[in-house]
There are 2 protein chains.
Amino acid sequence: MSQRKDGIEKRRLLLASACQVFAEKGYRAASVADICRRAGANVAAVNYYFGDKATLYAEAWQEAYGKYVGAELSEAEGLAPEEQLRLYVHFLIRNFTEQGSQGEFTRLYLMELANPTGLISDLWHKLIEPRRQILLNIIKKIMGATSSNEEVLFCEISIINQCRSLLTIRRSDLEYLMGQPLSPALIKRLADHIAGFSLAGIKAVAEKRSR
Amino acid sequence: MSQRKDGIEKRRLLLASACQVFAEKGYRAASVADICRRAGANVAAVNYYFGDKATLYAEAWQEAYGKYVGAELSEAEGLAPEEQLRLYVHFLIRNFTEQGSQGEFTRLYLMELANPTGLISDLWHKLIEPRRQILLNIIKKIMGATSSNEEVLFCEISIINQCRSLLTIRRSDLEYLMGQPLSPALIKRLADHIAGFSLAGIKAVAEKRSR
DNA sequence: ATAAAAATTAAATGCCCGTTTAAGATAAAA
DNA sequence: TTTTATCTTAAACGGGCATTTAATTTTTAT
């Protein structure tokens, strides 16, 4: 007998719930019971439909990636690389600032960076590497043709890590550091800052070599 | 009757072991059993000497801070702020790159940032805030007198987060990103990069305002 | 309607962990 | 040496968790 109609729906609910919970708490802190509760299912549902928590995690990644519109980035192809960098940073930060399922993939990604599980190393290449190449290419274009590989990688690390932190840090800690509540306007100013700060950083690295 | 001589020694061993394990794994991932094993003690030893894991964690922070020589930073007072920034970044990175107990405090600090426990919020002010002020002052000096508060804070966040990541990321992931094994020389080049990248970032923020 | 597969459920299982307990061993003070 | 407090130890406890089980209910196909 084939899969039942209500079964397909429950599986879908579980996957959506898993995306939410994993994106909010990360793999370890997310509990199977919590995921099931949000999906209105019994604790055994995850194991019935997915086998185990690890497999559900991997499927949640793929699901979140499906909903994730990375196209937005390649749209910017005609622009100057400096402007592309600005858009990239804003895109990263806006993604995990947003509430709905839109930012889930970015949150999953950054959660995995903060507390690696090693469960999605195969997906990593497939999903992350293309996105990574976009940033690397932008950096290369800004730096010029003679940029060394290491210089580009160092700049990538600098940029990614400035953005990463905004997720992994507790909201209250960031508000403490900033001395004010986090408004959307403040987030936007911070994104602008990171873009400008990084652009100058890249150019300085390039100039330092040419001297 | 007063504390026994062997008891004092065992307590000392436990504290040293706790510093190691907490610095390596963070609060959650560190297990009491592991800490006791390294100290050559029974599992009950932590509770006997410290009451519970949370208290041990707080004491480990203070212990690690005691061994931490922050004086190195204030030595640099006569230097140009650009050079002070370079030293600050190198100091941060070298600290948690180093093997022994030297880097433990920095590792504890960054682990807490990555996965906050909220257990040391009182120590936070006492221990972190002075060190934070050093960096803020360096940034202010580089930016000039008319720097806005927000600009300085944004730059602080940019710099701290570039350094933070080197701890929270898995060694193998960083090696994957870099495409080569992490040698001390590479770490040093990366520290140089972050210092130069950030210096340019700060100056760009200052100049953008003055325009 | 009936049979078979699919899905749901509560309860149980087993693991890891921090913590407690209670008895025994050890060192210090008398 | 004897006493007393300090320390050590193995075992047990209890909570949280992922996972399994086995019985029951619900849907689907014949």
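Thresholds applied
- Residues numbered from 1 in each chain as written.
- Chains lettered and ligands numbered in written order.
- Predicted model: local features only at pLDDT ≥ 70, side-chain atom pairs only at ≥ 80, totals over all residues.
- Heavy atoms only, no water.
- Helix = DSSP H or I, 4+ residues; strand = E, 2+ residues; numbered from the N terminus.
- Buried < 20%, exposed > 50% of the residue type's maximum accessible area, 1.4 Å probe, protein only.
- Contact = heavy atoms within 4.5 Å.
- Areas by Shrake-Rupley, 256 points an atom, 1.4 Å probe, with all protein chains shown as cover.
- Lys, Arg positive; Asp, Glu negative; His and termini not counted.
- Charge placed at Lys NZ, Arg CZ, Asp CG, Glu CD.
- Buried area = accessible area lost by both parts, 1.4 Å probe.
- Salt bridge = Lys/Arg side-chain N within 4 Å of Asp/Glu carboxyl O.
- Polar contact = N/O pair within 3.5 Å; in protein donor to acceptor, adjacent residues only side chain to side chain.
- Nonpolar A, V, L, I, M, F, W, Y, C, P; charged D, E, K, R; others polar.
- Near = heavy atom within 4 Å.
- Least-squares fit on C-alpha atoms with pLDDT ≥ 70 in both.
- Domains from an automatic or database assignment.

### Quick look at the overall build of chain A
- Looking only at helices and strands, chain A features 11 helices and zero strands.
- Shown N-terminal to C-terminal, the secondary structure of chain A runs as helices and strands in the order α-α-α-α-α-α-α-α-α-α-α.
- By principal-axis analysis of the C-alpha atoms, chain A measures approximately 70 × 40 × 30 Å.
- Buried residues in chain A amount to 50% of all 211 residues.
- Within chain A, contacts between residues separated by at least 24 positions form 66% of all contacts whose residues are at least 6 apart in sequence.
- For chain A, the exposed area adds up to about 9,900 Å²; of that, 54% sits on carbon and sulfur atoms.
- Counting 28 positive and 24 negative side-chain charges, chain A places the averaged centre of each group 3 Å from the other.

### Some details on the interface of chain A and chain B
- Of the residues lining the interface, 42 residues belong to chain A; the matching set on chain B comes to 42 residues.
- Summed over both partners, the interface of chain A with chain B buries about 3,600 Å², with 62% contributed by carbon and sulfur atoms.
- Our enumeration of links across chain A and chain B arrives at two salt bridges.
- The interface formed by chain A and chain B holds 15 residue pairs in polar contact (both at pLDDT 80 or more) in total.
- If you list the elements that add at least two residues to the side of chain A that touches chain B, you get helix H7 (104-114), helix H8 (121-143), helix H9 (149-168), helix H10 (171-178) and helix H11 (184-210) of chain A.
- A total of 13 residues in the side of chain A that touches chain B trace back to one element, the largest contributor, which is H9 of chain A.
- The residue inventory of the side of chain A that touches chain B, partitioned by class, reads 22 nonpolar, 12 polar and eight charged.

### What about the protein's contact with DNA strand D?
- Surrounding DNA strand D, one finds 22 residues, the nearest of these being Arg4 and Lys53 of chain A together with Met1, Gln3 and Arg4 of chain B.
- At a separation of 2.8 Å, a phosphate oxygen of DNA strand D approaches a polar backbone atom of Lys53 of chain A.
- A distance of 3.4 Å is found between a base nitrogen of DNA strand D and a side-chain nitrogen or oxygen belonging to Asn42 of chain B.
- Among the elements of the structure, helix H1 (5-29) and helix H2 (32-38) of chain A together with helix H1 (5-29) and helix H3 (45-50) of chain B are those that each provide at least two residues to the surface near DNA strand D.
- In terms of residue class, the surface near DNA strand D is built from nine nonpolar, six polar and seven charged.

### Considerations on the pattern of salt bridges
Residues and elements named next belong to chain A.
- Using the criterion set out here, one finds 32 salt bridges over all chains in the structure.
- The salt bridge partner of Asp192 is Arg86, with a shortest N-O separation of 3.3 Å. Remark: Arg86 occurs in helix H6 (residues 81-97) and Asp192 occurs in helix H11; sequence separation between them is 106 residues.
- Between Arg132 and Glu156 there is a salt bridge, and its shortest N-O distance comes to 2.7 Å.

### Considering the protein's contact with DNA strand C
- The full set close to DNA strand C counts 24 residues, and Met1 and Arg4 of chain A together with Arg4, Val32 and Lys53 of chain B are the nearest of them.
- Backbone atoms, meaning sugar plus phosphate, form 66% of the atoms of DNA strand C positioned within 4 Å of the protein.
- The separation between a base nitrogen of DNA strand C and a polar side-chain atom of Asn42 of chain A is 3.5 Å.
- At 2.6 Å from a base oxygen of DNA strand C is found a side-chain nitrogen or oxygen belonging to Arg4 of chain B.
- Looking at which element gives the most residues to the surface near DNA strand C, the answer is H1 of chain A, with three residues.

### Structural notes on the relation of the copies chain A and chain B
- The two copies are related by a screw operation: chain A maps onto chain B through 179 degrees of rotation and 0.0 Å of translation along the axis, at an RMSD of 0.2 Å. Those values place the two copies in the arrangement expected of a two-fold rotation axis.
- The share of interface residues of chain A whose copies in chain B are also at the interface is 100%, consistent with both copies meeting through the same surface.

### Re the domain arrangement of chain A
Residues and elements named next belong to chain A.
- Segmenting chain A into domains produces domain 1 (5-66) and domain 2 (69-210).
- On a C-alpha basis, the centroid separation for the pair domain 1 and domain 2 is 28 Å.
- Domain 1 puts 17 residues into the contact, and the matching count from domain 2 is 17 residues.
- Taken together, both faces of the contact between domain 1 and domain 2 bury some 1,600 Å²; the carbon and sulfur share is 73%.
- It is Ala23, Trp61 and Tyr65 that lose the most area in domain 1 upon contact with domain 2, and together they represent 44% of the buried surface on that side.
- Scanning the region where domain 1 abuts domain 2 turns up zero salt bridges.
- Summed over the shared surface of domain 1 and domain 2, the result is three residue pairs in polar contact (both at pLDDT 80 or more).
- Contributions of two or more residues to the side of domain 1 that touches domain 2 are made by H1 and helix H4 (53-67).
- The dominant element in the side of domain 1 that touches domain 2, judged by the number of residues it contributes, is H1, at nine residues.
- Residue classes in the side of domain 1 that touches domain 2 are distributed as 11 nonpolar, three polar and three charged.

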